[in-house]
Protein chains: 2
Amino acid sequence: MPTSGQRLARPDRERLMLGAAGDAFSTQGFHRSSMDEIARAAGVTKPMLYRYFGSKEDLYAAYLRITGRELIDGVRAPETRDQSPEARLRAGLRAFLTYVEEHRAGWTVLHGESTAPTDAHIAREIAALRGRIIAMLTTLFGDEALAVAFAGATESLATWWLSQPQPPIDEATDVLMNIAHAASGFDRTA
Amino acid sequence: MPTSGQRLARPDRERLMLGAAGDAFSTQGFHRSSMDEIARAAGVTKPMLYRYFGSKEDLYAAYLRITGRELIDGVRAPETRDQSPEARLRAGLRAFLTYVEEHRAGWTVLHGESTAPTDAHIAREIAALRGRIIAMLTTLFGDEALAVAFAGATESLATWWLSQPQPPIDEATDVLMNIAHAASGFDRTA
DNA sequence: GGGTAACGTTACCCTGGAGTAACATTCTGA
DNA sequence: TCAGAATGTTACTCCAGGGTAACGTTACCC
């Protein structure tokens, strides 16, 4: 009489597990989330989680890696190769805010991890991810300090913006573009 | 044969405990820090920690409360009542950066907690603290979104700045003042 | 159609670390 | 001077939750 669970192909099951993991991690953080609970939410039992991901930390790492890749892909998507730096920045910001809006859980975990890392090894990966974005902004602005500040402004605004009733994406983008004009190399006329 | 520990008055002992707690929490986070370890670092045993603070969460909360108060006091200190908004902001930023530099552990914990809260009840307190700062900035800038973005820029820059070899405080302040000019109500001439 | 690999489960083990009981040693003040 | 209130310690209890062993069940493929 055991075996209540429907059989599913590995990729599908993994998606369910990662979804449940993301929900748990984003709302309760790594430590308050238990493997039993994540398993239950994914409609499966604990040993499956371990067979597919190895350990709780590995599950967390897998979730972060996928989420990070989605973020990078999302922000890279807009093809704006031969447009002005300003236009490219604007497109990037819109893409970023869109990603954040559509992947709240992922963004929450990613953002939390970047300031309060759970694990040293994971911290390095997150730092690398953020580093790539900072590097991009640094070449854009010509100053690392400014790039770091701008990244912080963007992250903070994004998180706040999510908590607003109905986020008007263009307003958020404008606020950031406005800031970008403050000390950037490109035009100050807008 | 027991009783190896030197006797100390309560306030002194508390300071030692809070210092050890801060070191542990800032370097390893709440969950990876154990009460045994904090006790040892404070030169005392676990039951003392419990007698003085009640529970691990209460110890953490006490540490955060004190740290938050120090931050507020530090930033409030510069008496600039009847100066221009710009001068007041500059003084506030300098005071903030000075605080951060002199209380690295406290800042690390505070900052981490604001993005990845350990506990719902504590999260509210931190949110209230940040809310007060945002409110101040909002009246200064006349726009909440901008205030949130600016706060994020400041926090991010402060944390990055700490990791630099020898932080020149005025440069960091200038970067932020420059950003503040972007869309603020006060002069755009600087 | 049967061997094996993958999917899935129940029922357990085991440790880290939060929290406490019970006891020893000083300090203080009436 | 001695009662009781602090400061302090040793030596536990106890359990949440990470991790696993052992055992069904279904699918696939030669």
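Note on numbering: residues in each chain are counted from 1, in written sequence order. As they are written, the chains are lettered A onward and the ligands numbered 1 onward, keeping that order. Totals for whole chains, interfaces and linings use every residue, but because this is a predicted model, local features are given only for residues with pLDDT of at least 70 and side-chain atom pairs only at 80 or more, for both listing and counting. Calculation of side-chain values draws on the structure's entire complement of heavy atoms; hydrogens and water are dropped beforehand.

A. Looking closely at the overall build of chain A. A run of H or I in DSSP becomes a helix once it reaches four residues, and a run of E becomes a strand once it reaches two; helices and strands are each numbered from the N terminus. Counting its regular elements, chain A contains nine helices and zero strands. For chain A, the succession of helices and strands along the chain, N to C, is α-α-α-α-α-α-α-α-α. Seen through its C-alpha atoms, chain A measures out along the principal axes to roughly 70 × 35 × 30 Å. Out of the 190 residues in chain A, the part that is buried amounts to 45%. Throughout, a contact is declared for two residues whenever any of their heavy atoms are within 4.5 Å. Sequence-distant contacts, at least 24 apart, represent 62% of the contacts inside chain A between residues at least 6 apart. To measure how exposed things are, a 1.4 Å probe is used in the Shrake-Rupley method; for residues, cover is taken only from the protein chains shown. Carbon and sulfur atoms form 52% of the exposed surface of chain A, whose accessible area is close to 10,000 Å². When the 21 positive and 24 negative side-chain charges of chain A are each reduced to one mean point, those points stand 7 Å apart. Remark: exposure states derive from per-residue accessible area (1.4 Å probe, protein chains only) relative to the maximum for the residue type, with buried under 20%, exposed over 50%, and partly exposed in between. All tallies of charge rest on Lys and Arg as positive and Asp and Glu as negative; His and the ends of each chain are not included. We put the charge of a Lys on NZ, of an Arg on CZ, of an Asp on CG and of a Glu on CD.

B. Here's a closer look at the pattern of salt bridges. Each salt bridge in this description consists of a side-chain nitrogen of Lys or Arg and a carboxyl oxygen of Asp or Glu lying within 4 Å of one another. Here the structure, examined in full by the defined rule, presents 17 salt bridges over all chains. Among the salt bridges present, the one from Asp36 of chain B reaches Lys46 of chain B, with a minimum N-O distance of 3.6 Å. Residue Asp36 of chain B is located in helix H2 (residues 35-41), and its partner Lys46 of chain B is located in helix H3 (residues 46-53); the two are separated by ten residues in the primary sequence. Salt-bridge contacts for Glu155 of chain B lead to Arg130 of chain B; the nearest nitrogen and oxygen are separated by 3.0 Å. Of this pair, Glu155 of chain B sits in helix H8 (residues 144-162) while Arg130 of chain B sits in helix H7 (residues 120-141), placing them 25 residues apart in sequence. With relative accessibility at 24%, the residue Arg130 of chain B sits in the partly exposed group. Salt bridges here are not isolated pairs; linked through shared partners, they connect Arg32 of chain A together with Glu57 and Asp119 of chain B.

C. Examining the protein's contact with DNA strand C more closely. Put simply, a residue is near a molecule or strand once any heavy atom of it comes within 4 Å of that molecule or strand. As a structural note, the neighbourhood of DNA strand C is formed by 23 residues, with Gln6, Arg13 and Thr45 of chain A together with Lys46 and Tyr50 of chain B the closest of them. Here DNA strand C approaches the protein such that, of its atoms within 4 Å, sugar and phosphate make up 54%. A distance of 3.1 Å is found between a base oxygen of DNA strand C and a side-chain nitrogen or oxygen belonging to Arg7 of chain B. Within the residue set of the surface near DNA strand C, elements represented by two or more residues are helix H1 (10-32) and helix H3 (46-53) of chain A together with H3 of chain B. Here the surface near DNA strand C takes four residues from H3 of chain A, the largest share from any one element. Just so you know the grouping, Ala, Val, Leu, Ile, Met, Phe, Trp, Tyr, Cys and Pro go in nonpolar, Asp, Glu, Lys and Arg go in charged, and all remaining residues, Gly too, go in polar. Grouping the constituent residues of the surface near DNA strand C by class yields nine nonpolar, seven polar and seven charged. Under the rule applied, a polar contact is a pair of N or O atoms within 3.5 Å (in protein, one hydrogen donor and one hydrogen acceptor; residues adjacent in sequence only if both atoms are side-chain atoms).

D. Structural context of the relation of the copies chain A and chain B. In superposing the copies, a least-squares fit is computed on C-alpha atoms, taking residues whose pLDDT is at least 70 in both. Superposing chain A onto chain B takes a rotation of 180 degrees plus a shift of 0.0 Å along the axis, which leaves an RMSD of 0.0 Å. The superposition of one copy onto the other is thereby described by a two-fold rotation axis. Mapped onto chain B, 100% of the interface residues of chain A are again interface residues, and the two copies thus contact each other with one and the same surface.

E. The interface of chain A and chain B, seen in detail. On the chain B side, the residues contacting the 26 residues of chain A number 26 residues. The tally of links between chain A and chain B comes to three salt bridges. Among the salt bridges present, the one from Arg32 of chain B reaches Glu57 of chain A, with a minimum N-O distance of 3.9 Å. Linking chain A with chain B are seven residue pairs in polar contact (both at pLDDT 80 or more), by the criterion used here. Those elements giving two or more residues to the side of chain A that touches chain B turn out to be H1, helix H6 (104-115), helix H8 (144-162) and helix H9 (169-183) of chain A. Top contributing element to the side of chain A that touches chain B by residue count: H8 of chain A, with ten residues. Across the side of chain A that touches chain B, the residue classes tally to twelve nonpolar, eight polar and six charged.

F. Up close: the protein's contact with DNA strand D. In the neighbourhood of DNA strand D, 22 residues make up the surrounding shell, with Lys46 and Tyr50 of chain A together with Arg7, Arg13 and Thr45 of chain B lying closest. Here Lys56 of chain A contributes a side-chain N or O atom positioned 2.8 Å from a phosphate oxygen of DNA strand D. Measuring from a phosphate oxygen of DNA strand D, one finds a side-chain N or O atom of Thr45 of chain B at 2.6 Å. Of all the secondary structure elements, the ones that give two or more residues to the surface near DNA strand D are H3 of chain A together with helix H1 (10-32) and H3 of chain B. With four residues, H3 of chain B is the single largest residue contributor to the surface near DNA strand D.

G. Molecular detail of the environment of Arg51 of chain A. Within the fold, Arg51 of chain A resides in helix H3. Linking Arg51 of chain A and Asn178 of chain A, residues 127 residues apart in sequence, is a C-alpha distance of 49 Å.

H. Summary view of the nonpolar core. Think of a nonpolar core as a cluster: buried Ala, Val, Leu, Ile, Met, Phe, Trp, Tyr and Cys residues, connected wherever their side-chain atoms sit within 4.5 Å. In terms of nonpolar packing, the biggest core is built from 114 residues, with Phe25, Leu59 and Phe150 of chain A together with Phe25, Leu59 and Phe150 of chain B touching the most fellow members. Ignoring sequence-local partners within four residues, the contact set of Leu59 of chain B consists of Leu18, Ala21, Phe25, Met35, Ile38, Leu49 and Phe53 of chain B.

I. Looking closely at the packing of aromatic side chains. Ring pairs are drawn from Phe, Tyr and Trp, using the six-membered ring of Trp, whenever the two centres fall within 6.5 Å, and their geometry is named by plane angle: stacked under 30 degrees, edge-to-face over 60, tilted for the rest. Going through the model one piece at a time under the given rule, you end up with twelve aromatic pairs over all chains. For the ring pair Phe25 of chain B and Tyr63 of chain B, a centre distance of 6.4 Å and an interplane angle of 55 degrees mean the geometry is tilted. Residue Phe25 of chain B is found in helix H1, and its partner Tyr63 of chain B is found in helix H4 (residues 56-76); the two are separated by 38 residues along the sequence. Here the aromatic residues Phe25, Phe30, Tyr60 and Tyr63 of chain A are joined through ring pairs into a cluster of three or more. Only when the NZ of Lys or the CZ of Arg is both within 6 Å of the ring centre and within 35 degrees of the ring normal is a charge said to sit over the ring. The positively charged end of Lys56 of chain A is found above the aromatic ring belonging to Phe30 of chain A, 4.5 Å away from the centroid. Note that Arg10 of chain B overlies the ring of Tyr52 of chain B, its terminal NZ or CZ placed 4.2 Å from the centroid.

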